[in-house]
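Examining the three-dimensional arrangement
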Amino acid sequence: MAKSKIERRLSVYFVVVLVLFALIVGGLFSVLFDLHMKRAYRDDMVSKAQAIAQTAASYISSAQGDMRQGMGKGNYANYIDLVNAISLADVWIVDKNLDLITPTHASGSMGMNAASTVGAGVSYTYQDIPAGADELVAKVFKGETAFSEEFSGLLHAPTLTVGAPVKDSSGVVVGVVLLHAPVRGYAESINQNLFLLLLCVIVALFVAFLASKSLSVKFTKPLTALQKRALHMASGEYECVATIAQEDEIGDVARAMDTLAVHLQDAEEEHANFEKMRRDFISNVSHELRTPITVLRGSIELLRDGVVTEPDAVREVYEKMLQEVLVLQRLVGDLLDLSTLQNVNFSIEKSTVDLCEVFRDAVTSFEYVAQKKGVILASECAYDHYAVTGDYGRLRQMLMVLLDNAVKFSEPGDTVDVEFARDEIHVSNHAEGVSFEDAEHMFTRFYTSSAVSTGGGTGLGLPIAQEIAHRHDMDISVHSAQKDSITFSVRQKENSKPEILGYPEHME
């Protein structure tokens, strides 16, 4: 499963990072600890050697006086044994006569004390000192404190030697203190500490691995929830919400998926509505085409079969055929106009036009149609000029649709009021009003109702007028304030969706 894979990967990544971290820290610690221990070890040896050197001057003078009086080195021997016991190291002293005093040489049969670990049971003279160690003694006699590992071969063990000058009361170097300490104890101390460090690192890695597993599970849990959410969305279930309240990138993804689900649900509903509209549109177009085609077919069959032979009857049939062809032509033209206007890639050629001129042109052109039906057009324009940016022909077509709709639903003797004032154009007739439900659908293609299904027409005029208004950043609204009038209003507005105003009871 994806979950176990990402958990394993995260765990491996964590462990690899921790191991690299442990190796780097361990390596740096080993180097720095070794340097620190070596420095501390040497500083301790220097302190001991200098402390011994401060007390060795009087013993050297005393030992030399005893030798001159033939008294031997008894006090000197006791001093060397005491220093060895206290310092837990081997102390040799070289006087200014290059006489080397070692513990065994000084104490005779006592040999070295039990704490000493190098040179046990052996007496040395200055001639036994290695050549490299001789350079150490020479440096110390110059007043320096120096280190050397040249005594390791002589003492048969890895040994670090520090030399400190012994000065008398006048500051003259009268001898050299050689403090030998085995390196084995120092190395063992470092190894023990490194072993403890390694043990701590192993324990820390184990604990960190357990923690990484826990963190991996915690990290992948919301991802698993997102995966389930995505699978639900893929199957069309958009109601499920990913309950991830995290203020991080994963939370942002969860909220984005919730937003996407809402949009997908809206898109699916819109698609369903569009499919319904498409089916209704095909059905309506088929219905609108079926009637004139049926009439044309019947008329042609009458003429072909010789059923109608009288000249007047034949002329009447031809007249009927012409009317049906005109209906088809108008239907096709309206469909092409609506399809063109709804195409976002189709651009209207706009220029500065006088809307008052468009208004008067449309009213004048429709006066003949109104007079023919016995309807009176009462027009009023409150402006001499009203400049807008648009297409003169399309704006005129929009007003012609509204005038045609108003005249069509008016009775002979009725008045259609056309007014252009207060930045709005109103077209009102005094026919029977429409319901709020009918008003909501008046801009739907092929929509018909008991109030609007009479008078002929393709049912595409108002949708075409609406599209023209949209292309000119205008709104068309229908207002049936009273049950005996219908008013269409055109206004320029940012929101181009038509505003539907119903009866007062619908507005409460």
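Please read all numbers here as calculations on a predicted model, not as lab measurements. (Residues numbered from 1 in each chain as written. Predicted model: local features only at pLDDT ≥ 70, side-chain atom pairs only at ≥ 80, totals over all residues. Heavy atoms only, no water.)

Describing the side chain of His180
Rules: Comment: elements are numbered from the N terminus, with helices defined as DSSP H or I runs of at least four residues and strands as E runs of at least two. The buried label goes to any residue with under 20% of its type's maximum accessible area, the exposed label to any with over 50%, and the partly exposed label to all in between, with areas taken from a 1.4 Å probe on protein chains only. Two N or O atoms form a polar contact when they lie within 3.5 Å of each other; inside protein one atom must be a possible hydrogen donor and the other a possible acceptor, and for residues adjacent in sequence the pair counts only when both atoms belong to side chains.
Tracing the backbone through its elements, the reader meets His180 in strand 5 (residues 173-182). In this structure His180 comes out as buried when scored by relative accessible area, which is 0%. Polar side-chain contacts of His180 include one of 2.7 Å to the side chain of Thr161.

Some thoughts on helix 9 (residues 355-373)
So the rule is basically this: To estimate the expected span of a helix, subtract one from its residue number and multiply by 1.5 Å. At any given residue, the bend is defined as the angle formed between two axes, one fitted to the seven residues that end at that position and one fitted to the seven that begin there. What makes two residues a contact is simply this: any of their non-hydrogen atoms within 4.5 Å.
The end-to-end C-alpha distance of helix 9 is 27 Å, a good match for the 27 Å that 19 residues give at a rise of 1.5 Å each. If you look at helix 9, its biggest bend is around 35°, right at Glu367. Residues Leu355, Cys356, Val358, Phe359, Ala362, Val363, Phe366 and Ala370 constitute the buried set of helix 9. Packed against the buried residues of helix 9 are strand 6 (351-354), strand 7 (376-381), strand 8 (387-390), helix 10 (392-408), strand 9 (415-421) and strand 10 (424-429). Between the side-chain oxygen at the start of helix 9 and the backbone nitrogen of Cys356 there is a gap of 3.0 Å, and the oxygen is on Asp354. Immediately downstream of helix 9, the backbone of Gly374 shows phi near 85°, a positive value.

Things to note about the side chain of Thr161
Within the fold, Thr161 resides in strand 4 (residues 159-167). For Thr161, a relative accessible area of 0% translates into the label buried. Ignoring sequence-local partners within four residues, the contact set of Thr161 consists of Met45, Leu136, Ala146, Phe147, Ser148, Phe151, Leu178, Leu179 and His180.

Considering the packing of helix 9 against helix 10
Note the threshold: To get an axis, a line is fitted to the C-alpha atoms, and for a helix only the part in contact is used. The angle between two axes follows their N-to-C directions and goes from 0 to 180 degrees. Two helices that cross are described as forming a left-handed crossing if the nearer one is turned anticlockwise from the farther one by less than a right angle, and a right-handed crossing if clockwise. Residue polarity is assigned by list, with Asp, Glu, Lys and Arg as charged and Ala, Val, Leu, Ile, Met, Phe, Trp, Tyr, Cys and Pro as nonpolar; anything else, Gly included, falls into the polar class.
Between helix 9 and helix 10, whose axes approach to 9 Å, the crossing angle comes to 35°. For the crossing formed where helix 9 meets helix 10, the hand is right-handed. Here helix 9 contributes Leu355, Glu357, Val358, Phe359, Asp361, Ala362, Val363, Ser365, Phe366, Ala370 and Lys373 to the contact with helix 10, which in turn contributes Tyr392, Leu395, Arg396, Leu399, Met400, Leu403, Asp404, Val407 and Lys408. Split by residue class, the contact of helix 9 with helix 10 holds 13 nonpolar, 1 polar and 6 charged.

Comments concerning the confidence of the model for the protein chain
Rules: The predictor's confidence in any single residue is recorded as pLDDT, a number from 0 to 100.
Mean pLDDT over the protein chain: 75, with 77% of residues reaching 70 or higher. This model gives residues 67-72 a pLDDT under 50, and the stretch forms 5 contacts once residues within four places in sequence are excluded. Low confidence marks residues 105-121, where pLDDT is under 50. Its contacts with residues over four positions away, or in another chain, come to 37 contacts.

Section: the packing of aromatic side chains
For clarity, the threshold we go by: Paired rings are identified among Phe, Tyr and Trp, the last through its six-membered ring, by centres lying within 6.5 Å, and are further divided according to the angle between planes into stacked (under 30 degrees), edge-to-face (over 60) and tilted (the rest).
Tallied over the entire structure, the rule returns 4 aromatic pairs. Ring centres of Tyr383 and Tyr386 lie 5.1 Å apart, and the angle between their planes is 55°; this geometry places the pair in the tilted category. On the basis of an interplanar angle of 65° and a centroid distance of 5.1 Å, the ring pair of Tyr383 and Phe420 is categorised as edge-to-face. Of this pair, Tyr383 sits in the loop between strand 7 and strand 8 while Phe420 sits in strand 9, placing them 37 residues apart in sequence. A relative accessible area of 1% places Phe420 in the buried class. Aromatic rings pair up to connect Phe359, Tyr383, Tyr386 and Phe420 into one cluster.

Here we look at helix 10
Spanning 17 residues, helix 10 covers 24 Å between terminal C-alpha atoms, matching the ideal 24 Å at 1.5 Å per step. Buried residues dominate helix 10, accounting for 12 of its 17 residues. Those residues of helix 10 that sit buried are Arg394, Leu395, Met398, Leu399, Met400, Val401, Leu402, Leu403, Asn405, Ala406, Val407 and Lys408. If you check the start of helix 10, you find a side-chain oxygen 2.9 Å away from the backbone N of Gly393, and it comes from Asp391.

Structural notes on the environment of Leu194
With respect to the helices and strands, the residue Leu194 is situated in helix 6 (residues 183-234). Residue Leu194 is classed as partly exposed on the basis of its relative accessible area, which comes to 25%. Counting along the chain gives 161 residues from Leu194 to Phe33, while the straight-line C-alpha distance between them is 8.9 Å. Excluding residues that lie within four positions of it along the chain, Leu194 makes contacts with Phe29 and Ser30.

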